[in-house]
Amino acid sequence: PRSRGLGDVYKRQPGTDPATIIILREIARIWSLMGNGEVSIIVTKEDFQHYWKRMKERTASSISGRHFGHYGAAAHSDLLSEVHARHTALVTRTGVAPKRWSRGLSVMLEKIAGVAVVTKLRAILLMEADFNFHNRLIFGDRMMKLARENGLVPEEIYSEKGKTPEDAILQQVLVFDIARQLRRPLLVASVDAAQCYDRIAHAVAALTLRAYKVRQSSVASMLQPIQAMEYYLRTGYGESKTYSGGKEDPKQGTCQGNTAAPPTWQQISSLLVNAQKRAGHGIDIVTPITGRRHRQVGILFVDDTNLWEGLGEDDDPATTLDKGQASVNCWGNNLLAVGGELRPD
């Protein structure tokens, strides 16, 4: 109900998985911290032109044939820009997406140039260009901007705007240095997620995006086309005429190639980080001059995650190992609750 916060809606049912309860509590907490703000669903011709005038025409997309060049050309006309902007606004206001948004073209790209071994390729889904425009505007730009303004992006996340993987590695090295200087045990657990975008559960994703004040209609505009997605395939021999999936075989996940996938995963990762802190996991970094304590659970860059335990005055190798195992168990169970899974290797 709009008149109540999510925390008033969630009721524990008998037999509910404990990790699911933890995630729901974190979602409710985010809802309350976001206040009365809401992600705008107004789409103007200026929004359309700002996005498409920066795009490269040769970018592959859209099995329908409506490629980047069409929208890039339309961006130079105020009339056409207004027409496309109103179309996008209508979709995100009603939650009813065009059927062509549920058709994607799967391609396999080389991770390493010249290595065409199937297991070494990266699967990408080429989605409709205007579908990704909608998703970038609503989720990648406006939702994330509102979350940042409310200070709800944990500093452990390094896939955030303005940060790099090198920043995460530097943080890791500095923590190693602190452990050496203090001569205290430190445990670092690599708990990378397997196929993070492809395993996101839509129920959790929808609740999380709503907690970050995205309208229900906008959430439906992004998730429903994925559930009914028809996967066509492009190879060196051409494109398939038939597809897998479809509305008869509903899918989960957010798809590799969806501009809403990174921000959605980042917000779900924020839930996991917050839950980890609330369970008492992580390390305390104490500033030598002021004595201020600062707790961090580790570092994250998309699906790559390191969890930290130890560094306490009374910690020894045995207690640090116990804390580390408890931390991994907590993270792994919560990850399962959002649809994810740890990579054992």
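Focus: the packing of aromatic side chains
Argument step 1. For the structure on display, the rule yields 10 aromatic pairs.
Argument step 2. Here the aromatic rings of Phe48 and Tyr71 are separated by 6.4 Å at their centres, their planes lie at 65°, and the arrangement is edge-to-face. Of this pair, Phe48 sits in helix H3 (residues 45–52) while Tyr71 sits in helix H4 (residues 68–74); the two residues are 23 residues apart in sequence, bridging distant segments of the chain.
Argument step 3. The buried category is assigned to Phe48, whose relative accessible area is 1%.
Argument step 4. Here Tyr71 falls in the buried class, since its relative accessible area comes to 2%.
Argument step 5. When the centroid spacing of 4.9 Å and the interplanar angle of 40° are considered together, the rings of Trp101 and Phe131 count as tilted. With Trp101 in the loop between helix H5 (78–94) and strand E1 (103–110) and Phe131 in helix H6 (residues 129–149), this residue pair connects regions lying 30 residues apart in the sequence. Each member of the pair, Trp101 together with Phe131, is buried.
Argument step 6. A network of ring pairs unites the aromatic residues Phe48, Tyr51, Trp52, Phe68, Tyr71 and Phe133 as a single cluster.
Argument step 7. Between the NZ or CZ atom of Lys213 and the centre of the ring of Trp31, over which it lies, the distance is 4.6 Å.

As for the pairing of strand E10 (residues 304–310)
Argument step 1. Of all seven residues that make up E10, six are buried, and the element is covered over most of its length.
Argument step 2. Relative to E10, strand E3 (residues 186–190) runs antiparallel, the two sharing five bridges. Within E10, the residue paired with Leu187 across the bridge is Glu309.
Argument step 3. Taken together, the four bridges between strand E9 (residues 298–301) and E10 define a ladder with antiparallel strand orientation. Residue pairing in the sheet places Leu300 in a bridge with Thr305 of E10.
Argument step 4. Between the antiparallel neighbours E9 and E10 lie two residues, among them Val302 with a positive phi of about 60°.

Details of unusual backbone geometry
Argument step 1. Despite not being glycine, Ser62 has its phi angle at roughly 55°, a positive value.
Argument step 2. Relative to the helices and strands, Ser62 resides in the loop between H3 and H4.
Argument step 3. Look at Ser62 and you get buried, because its relative accessible area is 6%.

Reading the values: rules and limits
Residues numbered from 1 in each chain as written. Predicted model: local features only at pLDDT ≥ 70, side-chain atom pairs only at ≥ 80, totals over all residues. Heavy atoms only, no water. Phe/Tyr/Trp six-rings, centres within 6.5 Å; stacked < 30°, edge-to-face > 60°. Helix = DSSP H or I, 4+ residues; strand = E, 2+ residues; numbered from the N terminus. Buried < 20%, exposed > 50% of the residue type's maximum accessible area, 1.4 Å probe, protein only. Lys NZ or Arg CZ within 6 Å of the ring centre and 35° of its normal. Pairing = 2+ DSSP bridges.

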